[in-house]
Number of protein chains: 2
Amino acid sequence: MAQKNKLQFIILGLLNQQPLTGYDLTKAFDSEIGEFWQAQHSQIYPQLKRLESQGYITHEITISGEKLEKKLYHITPTGQALVRDWITTGTPELTASKDEFILKLYFVQTNQDPRLPEMLTEQLQLHTEKLAHLKMRLKTVFPTVTAQKVHYGHYLILQHALGREQYYVEWLQQTLAALPTV
Amino acid sequence: MAQKNKLQFIILGLLNQQPLTGYDLTKAFDSEIGEFWQAQHSQIYPQLKRLESQGYITHEITISGEKLEKKLYHITPTGQALVRDWITTGTPELTASKDEFILKLYFVQTNQDPRLPEMLTEQLQLHTEKLAHLKMRLKTVFPTVTAQKVHYGHYLILQHALGREQYYVEWLQQTLAALPTV
DNA sequence: CCATCCATGTAAGGAGTTACATGATTGG
DNA sequence: CCAATCATGTAACTCCTTACATGGATGG
């Protein structure tokens with residue numbers, strides 16, 4: 001029941017690129033991957049155990065410094081097959097998204113509402129900042145066309161996130177501009 | 001714990017426009033509102049009870065036909081105050097979104113991958129259909145500029161959803177076009 | 001008459017968040 | 001030395017989905 005466990009595939013996908021620790025995975029979910037999927041470490045560690053018990057991954061213990069143990073997870077051939085299947089299988093359900101702010105706008109009944117300018121301006125600032133941030137990241141991570149080809153998938157999603165944000169900013173600007181002048 | 005109950009505000013927002021039954025609310029979540037928030041009836045009915053016990057809404061029983069009882073929910077002044085607060089309070093947390101398909105692309109390591117064309121084409125079709133659907137709805141629901149002003153919030157979100165979809169379609173097209181020719 | 005929709009609920013379970021808990025390492 | 005980060009886990013709780021369950025109304 002409930003929705004299908006997609007987190008497992010994403011973890012496997014990440015481990016398919018290189019061995020990682022739970023901590024590394026957690027970081028991935030709030031940097032690269034974070035634009036399109038989120039997960040906390042409290043969700044990741046148990047999932048790793050489950051994947052290991054199912055034979056999709058194994059771990060190797062490495063020592064950092066004097067005695068800090070790290071579990072470096074590796075994907076197994078079975079795990080690799082699972083990732084391939086997941087990617088190859090179609091994705092017919094357009095993942096539904098939520099946006100609290102847009103809904104608030106929905107409940108504003110008229111374009112005369114005095115709260116609109118500040119509401120839109122706040123979001124414009126937030127999204128403009130995020131856009132700037134994404135632009136910078138794209139520039140630093142993929143300075144050359146060659147780099148884009150080497151980490152193709154990473155380039156694609158960063159660039160998609162940027163375009164999405166760009167749209168949001170432009171929409172906010174247009175909506176603000178279209179408000180009746182007081 | 002876990003995230004703040006936003007569903008309650010959305011329900012109150014809807015009831016603030018007009019009295020509705022649980023069934024009506026459920027429908028709203030898979031039509032108008034559905035682009036930006038989703039909820040099933042199994043989540044809505046219990047929430048209505050909670051809101052009523054807290055004094056934010058009341059219900060009135062109406063009879064359809066011979067004996068079918070409907071509960072028509074009305075918002076109370078306290079409920080209205082709560083909606084106002086929710087809307088007026090800033091929305092600094094950009095609701096994180098998920099997109100399974102984009103993640104699959106992330107795991108495709110190179111733009112030479114033979115699976116890419118079909119993957120992108122499938123999504124292009126899905127999103128093109130959705131875009132067409134949204135365009136039609138915008139045209140039928142808001143044929144005139146006057147209609148846009150009367151249901152301003154509704155117009156805003158429909159038009160935002162459309163633009164968002166437009167971007168997605170264009171991005172897919174560009175990404176497809178940029179693939180190396182075989 | 002019968003399929004589709006209207007209408008309302010509950011149960012079970014997985015997904016996801018926040019908080020609790022602990023300890024080592026590194027760099028300034 | 002001390003703050004920030006690395007590193008791993010569990011507990012509690014809410015959110016959300018799927019399934020179970022029931023019955024009336026409507027239109028062709």
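These figures come from a predicted structure and were not determined experimentally. Note that residues are indexed from 1 along each chain, following the sequence as it is written. Chain A is the first chain written and ligand 1 is the first ligand written, with later ones labelled in order. Given that this is a predicted model, residues contribute local features only at a pLDDT of at least 70 and side-chain atom pairs are listed and counted only at 80 or more, while totals for whole chains, interfaces and linings are drawn from all residues. Note that water and hydrogens are dropped before the side-chain values are worked out from all heavy atoms of the structure.

Peer 1: Could you give an account of the protein's contact with DNA strand C, with specific residues and numbers?
Peer 2: Around DNA strand C, a shell composed of 30 residues is seen, among which Gln40(A), Ser42(A), Glu66(A), Tyr23(B) and Lys71(B) lie nearest. Of everything in DNA strand C that lies within 4 Å of the protein, sugar and phosphate atoms constitute 67%. Numbered from the N terminus, helices here are DSSP runs of H or I no shorter than four residues, and strands are runs of E no shorter than two. At the level of secondary structure, the elements contributing two or more residues to the surface near DNA strand C comprise α3 (41–53) of chain A together with α2 (22–28), α3 (41–53) and β2 (68–75) of chain B. For this classification, Asp, Glu, Lys and Arg are treated as charged, while Ala, Val, Leu, Ile, Met, Phe, Trp, Tyr, Cys and Pro are nonpolar and the rest, including Gly, are polar. Of the residues in the surface near DNA strand C, the class split is 9 nonpolar, 13 polar and 8 charged. Working definition: residue near molecule or strand if any one of its non-hydrogen atoms lies within 4 Å of it.

Peer 1: Which residues make up the UniProt feature "domain: Transcription regulator PadR C-terminal" (unreviewed entry) in chain A, and what are the values?
Peer 2: UniProt positions are given in the numbering used here, feature names are shortened, and annotations may be inferred rather than shown by experiment. Under the feature "domain: Transcription regulator PadR C-terminal" (unreviewed entry), the UniProt entry names residues 98–179 of chain A. When the span residues 98–179 of chain A is considered, its composition is 80% helix and 0% strand, and the gap between its end C-alpha atoms is 25 Å.

Peer 1: Now, about the environment of Ala39(B): what can you tell me, with residues and values included?
Peer 2: All names here are of chain B. Tracing the backbone through its elements, the reader meets alanine 39 in the loop between α2 and α3. A relative accessible area of 6% means that alanine 39 is categorised as buried. Along the primary structure alanine 39 and leucine 25 are separated by 14 residues, whereas in three dimensions their C-alpha atoms are 9.2 Å apart. Buried means the residue's accessible area, taken with a 1.4 Å probe over protein chains only, is under 20% of the maximum for its type, while exposed means over 50%, and partly exposed covers the values in between.

Peer 1: Give me the lowdown on the domain arrangement of chain A, citing residues and values where you can.
Peer 2: All names here are of chain A. A domain assignment, automatic or from a database, supplies the domain bounds used here. Each assigned domain of chain A is listed with its residue range as follows: domain 1 (7–88) and domain 2 (100–177). Between domain 1 and domain 2, the C-alpha centre-to-centre distance is 30 Å. Contacts between residues were defined by any pair of non-hydrogen atoms, one from each residue, lying within 4.5 Å. Residue-level contacts link 4 residues of domain 1 with 8 residues of domain 2. Here the quantity called buried area is the total loss of accessible area, with a 1.4 Å probe, experienced by two parts when brought into contact, counted for both. Taken together, the two surfaces of domain 1 and domain 2 that pack against each other cover about 570 Å², and 59% of this comes from carbon and sulfur. Counting the surface domain 1 buries against domain 2, the share from its top three residues, Glu32, Glu35 and Phe36, is 91%. Whenever Lys or Arg places a side-chain nitrogen within 4 Å of a carboxyl oxygen from Asp or Glu, that contact is recorded as a salt bridge. For the pair domain 1 and domain 2, the interface holds 2 salt bridges. The residue arginine 164 makes a salt bridge to glutamate 35 at a minimum N-O spacing of 3.2 Å. Pairs of N or O atoms are called polar contacts if they sit within 3.5 Å, as long as, within protein, a hydrogen donor faces a hydrogen acceptor (for residues adjacent in sequence, only side-chain-to-side-chain pairs). Put simply, domain 1 and domain 2 have 3 residue pairs in polar contact (both at pLDDT 80 or more) between them.

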